[in-house]
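Here is what each chain is made of, one letter per residue.
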Amino acid sequence: MVNPPTPAMRNLALWLLAQEANAGKPSEIKMYAAFRVCEKLRRRLSTLAGVTGYRSLISRALTLAKKEAPSLGEVQVKEDGSLEWTGAIELQQGMDEAGKEGGAVLVTQLLGLLVTFIGQTLTVRLVRDLWPDAPFEDMNSETEKEL
Amino acid sequence: MSEQDKVKIHKLPTGVPGLDEIMGGGLPELSFNIIAGSPGTGKTTLGHQIAFANATPEHPALYFTVLGEPAMKMLRYQQQFTFFDQTKVNNTIRFINLSQFVLEKDLNAVMAQIAKEVEGTSPGIVVVDSFRTVARKTQAASEMELQAFVQNLALHLASWQATTFLLGEYTEDEMRGNPVFTVADGLVWLYQIVERNAVVRKLQIVKLRGQSSVPGMHTFRITEAGLETFSRTLGLAGKKEKERSKRRLSTGIAELDKMMGGGIPEGDSILVSGASGTGKSLLATHFIAEGLRRGESAIVAVFEERPRGYMERAKNFNLDLETAQKAGRLDILYLRPLDLSVDETLHEILEAVRRVDAKRLVIDSVAGFEMALAPGFRTDFRESLYRMISALTGIGVTILSTVEVEVSFTAFRFSNFSVSFLADDIIRLNYVEIDGQLRKILMIIKMRGSGNSNDIREYGITSKGFIIGPRMKGHRGLITKVPESLDSSAQEEEPPDKPKGEE
């Protein structure tokens, strides 16, 4: 059975997005923070699971996320597993908040899949290899907690 | 060349219980090894166990995965094993997927990628899982290309001071003329043999340069702790034999001791053979209880009844096993799970003997022992039992085994299992029909290296246990179980197990 993403996973996703939002330009669209999180994970996970392995994972996460966040409708997975926006630029610019939420849903789904496959401990280890200060809470817990 | 002049080959732990001993002390450091076998034999688990056992911050492990089990699933399943320390993942053990390189590039590029990772990490252990898929890359190319690739890989990894393991799904036919096997320093072959409803796992060290491994096939099991091996020499190879003592051990039955010239010679293997209900287990319990009474430690391996029942029965005959059990001087092993390998069982018995420093061991019964084994292991039974008995008696443990024989009124058998060669001494218990009564007789068939009574004695089982009566006179043909009377006066004596109310 696939575990649905828990509030803890979403909290971690929001934390990661906040880190990566700071790394971007202020004028940049909000969804790009999620792209940067996924890109960092792609590089790490492609080494571990192979390009195909990561591409399968992010494709599944995107499919699941699109059901919750229509703003991801124009996002596609490229051959190497990286993400691209295939819609018009104007469309992005008009949906900053929705895009931010879409990014959060996507990263949450990706973390959820990782926890399902390799467990919480290894997922947190992988995330902390990239973001050493990433907060840890029980991602299997259904209880919402503020980070 | 003196020992000092020789290069010292350091040995690394395998992380697999029993395997270091089979390999002659461990994995030769800097060696280039192949772990081969068909799917499901445990190659990946063995590769992980070796990596987890040896990876340190100074000497990390690199685990290359290639077009086999997807890495995510591999991590998912492998973390179920207790040896899988998650804190080592991507820390002291780095998992690197080479699938893309193998699919899209040539062997030189694969080699370059491995070299890059190795040079960047300086690993102590390198695993390629599965190397078979790398080798397949060359199927369209020449064998020479594969030879060159393997040679370069071996050279490079050894130069970078890595001990390497290539995991692959090979069949034995592929071994001949395959350059991969020629270059390898070590070759571990894993087998999974299905026999009737049982699965038997075995491994063989086909080749190991620089050190002597234990030859032959060794049983292994995969549990939540990973692989666990059971050497066919039971870890007793090269153990020094103890000088035989002249001490006699009491059986706890005074008359039987007299018949045996003062008891069982210490370090003997004694077989108590008889039909069902003749009191073999009771005799064995007397032997154990007497040892415990004298302050010795003991092991009872039971296959036909549970320890609780064994204890209760002893209590009914006023034989105290409980005190010694509570004091840790007696261990009753109940060994009856199906699919048990003979070596596994013997390892358990040996372990228990070592644990309590047992001087006496009872195997009750040999037939039950054999029945508890997976069918595939039964062919090895006598050989393995012989090895264990020889090894244990060699270190001074006295072993009493019971064996059931079929009731036959035409033949006189020591046992149905042809295990009498295991015994220094044989006691035979038997039924005879006399005057419409089924009576019990006992005789000492054999005592190696010492004299014994030739008498055929009647015995009975009373609330005091095993009671041996006088020599049974006045009949001939007792051992055929249908004796003829020689003298009617000899019939006057009552059997020793006559019910008390009739006394």
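It should be noted that the structure appears before, not after, this text.
Every value quoted in this text rests on a predicted model; they were computed, and no experiment measured them.

1. Focus: the overall build of chain A
For step 1, the next point in the chain: Along chain A, the regular secondary structure elements total four helices and two strands.
For step 2, the next point in the chain: Secondary structure elements of chain A, listed N to C terminal, follow the sequence α-α-β-β-α-α.
For step 3, the next point in the chain: Per-residue burial for chain A yields a buried fraction of 46% across its 147 residues.
For step 4, the next point in the chain: Within chain A, counting contacts between residues at least 6 apart in sequence, those at least 24 apart form 69% of the total.

2. Regarding unusual backbone geometry
Excluding glycine, most residues fall at negative phi; most peptide bonds, likewise, are trans.
Residue and element names in this part refer to chain B.
For step 1, the next point in the chain: Residue Ser365 is bonded to the preceding Asp364 through a cis peptide linkage, with omega at 5°.
For step 2, the next point in the chain: One can find Ser365 in the loop between strand 17 (360-364) and helix 14 (366-372).
For step 3, the next point in the chain: One non-glycine residue, Asn90, adopts positive backbone phi at about 60°.
For step 4, the next point in the chain: Looking at the element boundaries, Asn90 is found in the loop between helix 3 (71-78) and strand 5 (93-97).
For step 5, the next point in the chain: The phi dihedral of Asp357 falls on the positive side, at around 55°, and the residue is not glycine.
For step 6, the next point in the chain: Judged by the 10 C-beta atoms lying within 10 Å of it, Asp357 falls in the exposed class.

3. Some points on the nonpolar core
For step 1, the next point in the chain: If you look at the biggest cluster of nonpolar residues, it comprises 111 residues, and the most contacted ones within it are Val107 and Leu110 of chain A together with Val127 of chain B.
For step 2, the next point in the chain: If you tally residues by element for this core, the top one is helix 2 (residues 31-68) of chain A, at 19 residues.

4. Brief notes about the sheet that holds strand 10 (residues 217-223) of chain B
Residues and elements named next belong to chain B.
For step 1, the next point in the chain: As summarised here, the arrangement of the nine strands in space is 5-4-6-7-3-8-9-10-11, forming an open sheet in which the pairing is mixed. Looking at the sheet topology across the chains shown, the edges are occupied by strand 5 and strand 11 (226-230). Taken over all neighbouring pairs, the strand axes of this sheet differ in orientation by 25° on average, direction set aside.
For step 2, the next point in the chain: Inspection of the sheet shows strand 8 (residues 186-195) paired to strand 9 (residues 198-208) by ten bridges, in the antiparallel sense. By the bridge assignment, Glu195 is partnered in strand 9 with Ala198.

5. Considerations on the environment of Leu146 of chain B
Residue and element names in this part refer to chain B.
For step 1, the next point in the chain: Here Leu146 lies in helix 7 (residues 143-159).
For step 2, the next point in the chain: The class for Leu146 is buried, based on 21 C-beta atoms found within 10 Å.
For step 3, the next point in the chain: Sequence spacing of Leu146 and Ala135 is eleven residues, and the spatial spacing of their C-alpha atoms is 6.7 Å.

6. Here we look at the sheet that holds strand 17 of chain B
Within a sheet, each strand pairs with its neighbour through backbone hydrogen bonds, oriented either parallel or antiparallel.
All names here are of chain B.
For step 1, the next point in the chain: Spatial strand order, 16-15-17-18-14-19-20-21-22: nine strands in an open sheet with mixed pairing. Among the strands making up the open sheet, the edge pair consists of strand 16 (330-334) and strand 22 (465-471). Recorded for the sheet is a direction-independent mean angle of 20° between the axes of neighbouring strands.
For step 2, the next point in the chain: In the sheet, strand 15 (residues 298-302) pairs with strand 16 via five bridges, with the strands oriented parallel. Bridged to Ala298 within strand 16 is Leu330.

7. Section: the packing of helix 1 (residues 7-23) of chain A against helix 2 of chain A
Residues and elements named next belong to chain A.
For step 1, the next point in the chain: Where helix 1 contacts helix 2, the axes come no closer than 8 Å and their chain directions differ by 105°. Relative to helix 2, helix 1 is oriented roughly perpendicular. Residue-level contacts link Leu16, Leu17, Glu20, Ala21 and Ala23 of helix 1 to Ala33, Ala34, Arg36 and Val37 of helix 2.
For step 2, the next point in the chain: Its residues assigned to classes, the contact of helix 1 with helix 2 shows seven nonpolar, no polar and two charged.

8. Comments concerning the pairing of strand 15 of chain B
Residues and elements named next belong to chain B.
For step 1, the next point in the chain: Within strand 15, five of the five residues are buried, which leaves it mostly tucked inside the rest of the structure.
For step 2, the next point in the chain: The alternating pattern of strand 15 places Ala298, Val300 and Val302 on one face and Ile299 and Ala301 on the opposite face, and all of these are buried.
For step 3, the next point in the chain: In the sheet, strand 15 pairs with strand 17 via five bridges, with the strands oriented parallel. The residue bridging Ala298 from the neighbouring strand is Arg360, located in strand 17.

9. Details of the interface of chain A and chain B
For step 1, the next point in the chain: Counting residues at the interface gives 15 residues for chain A and 14 residues for chain B.
For step 2, the next point in the chain: Of all the secondary-structure elements, those providing two or more residues to the side of chain A that touches chain B are helix 2 and helix 4 (96-130) of chain A.
For step 3, the next point in the chain: Sorting elements by how many residues they give to the side of chain A that touches chain B places helix 4 of chain A first, with eight residues.

Rules of the game
- Residues numbered from 1 in each chain as written.
- Chains lettered and ligands numbered in written order.
- Predicted model: local features only at pLDDT ≥ 70, side-chain atom pairs only at ≥ 80, totals over all residues.
- Helix = DSSP H or I, 4+ residues; strand = E, 2+ residues; numbered from the N terminus.
- Buried ≥ 20, exposed ≤ 12 C-beta atoms within 10 Å, placed from the backbone.
- Contact = placed C-beta atoms within 7 Å.
- Core = buried A, V, L, I, M, F, W, Y, C linked by C-beta atoms within 7 Å.
- Pairing = 2+ DSSP bridges.
- Axes fitted to C-alpha atoms, helices over the stretch in contact; angles between N-to-C directions.
- Parallel < 35°, antiparallel > 145°, perpendicular 65-115°, else oblique.
- Nonpolar A, V, L, I, M, F, W, Y, C, P; charged D, E, K, R; others polar.

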